[in-house]
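Structural overview for review
The chain contents come next:
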Amino acid sequence: MSTIAPTKPNPTDPPTSSTPPGRREPRRRSVATPPGDSRHRTRRSTVLGLERRHSLTGWAFLIPAAALIAILNFWPMIEAFILSLETGKGARLHLSEPLWLNYTRLFNDDLFRLTLGNTLIYLVVQVPIMLVLALILAMLLNDPHLRFKSFWRTAIFLPCAVSLVSYSLVFRTLFANDGFVNDTLMGLHLINEPIQCLANTGTARVVIILGLLWRWTGYNMVFYLAALQNLDYSTFEAARIDGAGPVKTFFHVAIPQLKPMIVLTAIMSTNGTLQLFDESWNLTAGGPANTTMSMSHYLYNLAFFNNPNVGYASALSYAILILVAILALIQMKVADRRD
Amino acid sequence: MTKKLRYLPRYALLTVAAVVSIFPLYFMVVGATNTSQDVLSSRLLPGANLLNNIRDLFALQNVGAALWHSAVNAVTTTVLALVVCSIAGYGFEVFHSRAKDWVMNILLLAMMIPFAATMIPLFRMFASAGWVNSTIAVVLPAVSTPFLILLFRQSSRSFPHEVVEAARLDGLSELAIFGRIFVPMMRSTYAAAAVITFMAAWNNFLWPRVILIDNQAQTMPMLISNLVAGYVTNYGVLMLAVLIACLPTMVVFLVLQRSFANGITGAIK
């Protein structure tokens, strides 16, 4: 992203005879033409025609992708906002009176507040633990003296190969009342009777958080490993020679150098957690009493279950969109300030 | 000796991490060979019930159809996404201009749009086109992604411009330069893009669940999700179904792990 060459024409370029100065298009350039190299422009007699043709070819190459994104991302986003101002059942939608009716209703909706709270709990508890774990594991694996490196990496990265639905169902089985976790805890005499993990709010939330940690820690670790490979390992060795322990090295050598990657993974994880659906649906089915239900799960129920209320559901979807945007902005701002 | 001792805590930590990562998958594989009771009584050794579980699962559910739908959806998504996004990434980089940069920045904004915010209008759009339950409706939203375009644009950076110039002088058309020179040279980028797109498409749950209303059109993740909706769950059968649903992506992962890692981190380098 940083290798974009200057786009201004070199002022020392001699005007070519075949190209009237007024008709030159200085903003267009050929890629990989170093500044000052006017070879491409001067050598050809029909520069303008060729360049224009190349430019059109370029547009033709990227228009299918751009059009799909415009039609399938941007337009629906606008339409969702219009829908969020409408009310009515089924296909008979009309503008609500007042326009922000769905939004005022949203703020007074206990279930919305509950699902918002649930999602924020997952976010605040799970994302920091996961990123710290991923960082520690990446640091361990980055050590050149470590043995069996590829085995450790493959093992920790392996959960990423499993779909969210699949691991949710495995976790559901592991944490069932008479499942493996209870059997083990009772076998170790840590508890006397089975804990109803998925039937209690607190433990059910913990199970979802454990599931998220299991599935995504290795994924984030791979990002840190990629970033660490671009760093000079000697900075870590130097810190150790200077007498810094692993904790000091971690906080004063690793974290500052990895900051851009930490911000990126934090934004991605936040984005993902705010859209949590599969786990809420499959692992706990939102229960008990909706206390583990995510916002997206509630959105699905509002939009596609029993009595769909498309306008109201769209208002909820905009709440998610705005949360994603705000949290991403905050994270980027926090990252800037620490400099 | 002291050096070995110093490494001991790390190996202990890594062992714990590896065991925790692998154990649920081991439990799933072993569970597929056990009876429901054995799964719940935490039997951790392979059992003799695999054939019974297979028979029960296939009697209960149309697994073949779900696997077929998942495969068709995932392969179609992957092929279309690779074609559309690679040609766009190439176009952005090789035919670079300020206006195109501007368009790219706008497209990148789409990465921040949560799927939740476009899901309802997308459903209405496809429903009015009569595409509910169709492959095209499942596939289309995943064909053009800013992430893949970015990935291909980044890798186009290393594509030497002299090659393009030389090919043009030889009279090759722009499309031929792309197809005959760029595509073969960028094989590793294509592999990375294919792996991440295929895995995401195979595992996708929310959008297929929205647009595939008919149970006849359901995909593998939808099938396993419906298995626990009944009153009594046969856990042996469930573990087998989950294993079948995971198998293709696990194989892809284990064979092409490096491509997968390059795919998820490639666009940001």
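It should be noted that the structure appears before, not after, this text.
Cut-offs used in this document
- Residues numbered from 1 in each chain as written.
- Chains lettered and ligands numbered in written order.
- Predicted model: local features only at pLDDT ≥ 70, side-chain atom pairs only at ≥ 80, totals over all residues.
- Helix = DSSP H or I, 4+ residues; strand = E, 2+ residues; numbered from the N terminus.
- Rg over C-alpha atoms; globule rule 2.2 N^0.38 Å.
- Buried ≥ 20, exposed ≤ 12 C-beta atoms within 10 Å, placed from the backbone.
- Contact = placed C-beta atoms within 7 Å.
- Axes fitted to C-alpha atoms, helices over the stretch in contact; angles between N-to-C directions.
- Parallel < 35°, antiparallel > 145°, perpendicular 65-115°, else oblique.
- Left-handed = near helix turned anticlockwise from the far one by under 90°.
- Nonpolar A, V, L, I, M, F, W, Y, C, P; charged D, E, K, R; others polar.
- Core = buried A, V, L, I, M, F, W, Y, C linked by C-beta atoms within 7 Å.
- Domains from an automatic or database assignment.

1. Some points on the overall build of chain B
Along its length, chain B carries 15 helices and 0 strands. Taking 2.2 N^0.38 as the reference for a compact globule, 269 residues should give roughly 18 Å; the C-alpha atoms of chain B span a radius of gyration of 23 Å, well beyond that estimate. Principal-axis analysis of the C-alpha atoms gives chain B an extent of 70 × 70 × 35 Å. When the 269 residues of chain B are sorted by exposure, 50% land in the buried category. Within chain B, contacts between residues separated by at least 24 positions form 78% of all contacts whose residues are at least 6 apart in sequence.

2. Describing the overall build of chain A
Check the secondary structure of chain A and you find 13 helices and 2 strands. Sequence separation of 24 or more characterises 67% of the internal contacts of chain A that already satisfy a separation of 6 or more.

3. Here's the deal with the packing of helix 8 (residues 146-156) of chain B against helix 11 (residues 187-203) of chain B
Residues and elements named next belong to chain B. Where helix 8 meets helix 11, the closest approach of the two axes is 10 Å, and the angle between their N-to-C directions is 170 degrees. Judged by the inter-axis angle, helix 8 sits roughly antiparallel to helix 11. In terms of crossing hand, the pair formed by helix 8 and helix 11 is right-handed. Contacts between helix 8 and helix 11 pair Leu148, Leu151, Phe152 and Ser155 from the former with Thr189, Ala193 and Thr197 from the latter. Here the residues of the contact of helix 8 with helix 11 are counted per class, giving 4 nonpolar, 3 polar and no charged.

4. A word on the packing of helix 8 (residues 201-229) of chain A against helix 15 (residues 257-266) of chain B
Running from N to C, helix 8 of chain A and helix 15 of chain B point in directions that differ by 80 degrees, and their axes come no closer than 10 Å. Between helix 8 of chain A and helix 15 of chain B, the interaxial angle falls into the category roughly perpendicular. Of helix 15 of chain B, the residues touching helix 8 of chain A (which contributes Val222, Phe223 and Ala226 of chain A) are Ala261, Ile264 and Thr265 of chain B. Across the contact of helix 8 of chain A with helix 15 of chain B, the residue classes break down as 5 nonpolar, 1 polar and no charged.

5. Things to note about the interface of chain A and chain B
Every contact between the two is made by 80 residues of chain A and, on the other side, 74 residues of chain B. Considering each element in turn, the side of chain A that touches chain B owes the most residues, 19 residues, to helix 2 (residues 47-84) of chain A. Tallied by class, residues from the side of chain A that touches chain B come to 52 nonpolar, 20 polar and 8 charged.

6. Concerning the nonpolar core
For soluble globular proteins, the rule of thumb is that nonpolar side chains tend to be buried together. In this structure, Ala138, Tyr224 and Leu316 of chain A together with Ala88 and Val242 of chain B are the most contacted members of the largest nonpolar core, which totals 166 residues. Formed jointly, this core draws a minimum of three residues from each of two domains, domain 1 (1-66) and domain 2 (109-337) of chain A. Beyond its immediate chain neighbours, meaning those up to four positions away, Tyr224 of chain A contacts Ala134, Leu135, Ala138, Leu258 and Met261 of chain A.

7. Quick notes on the environment of Leu172 of chain B
All names here are of chain B. As for its position among the elements, Leu172 is in the loop between helix 9 (161-169) and helix 10 (174-185). Taking the number of C-beta atoms within 10 Å as the measure of exposure, Leu172 has 16 and is therefore partly exposed. Once the C-alpha coordinates of Leu172 and Gln37 are considered, the two residues, 135 residues apart in sequence, prove to be 67 Å apart. Each residue touching Leu172, except ones within four places of it in the same chain, is listed here: Ala167 and Ile177.

8. A few points about the environment of Phe250 of chain A
Residues and elements named next belong to chain A. Positionally, Phe250 belongs in helix 10 (residues 246-274). When the C-alpha atoms of Phe250 and Gly88 are compared, they prove to be 56 Å apart, with 162 residues separating the residues in sequence. Once residues within four sequence positions are removed from consideration, Phe250 is found in contact with Met139 and Ile255.

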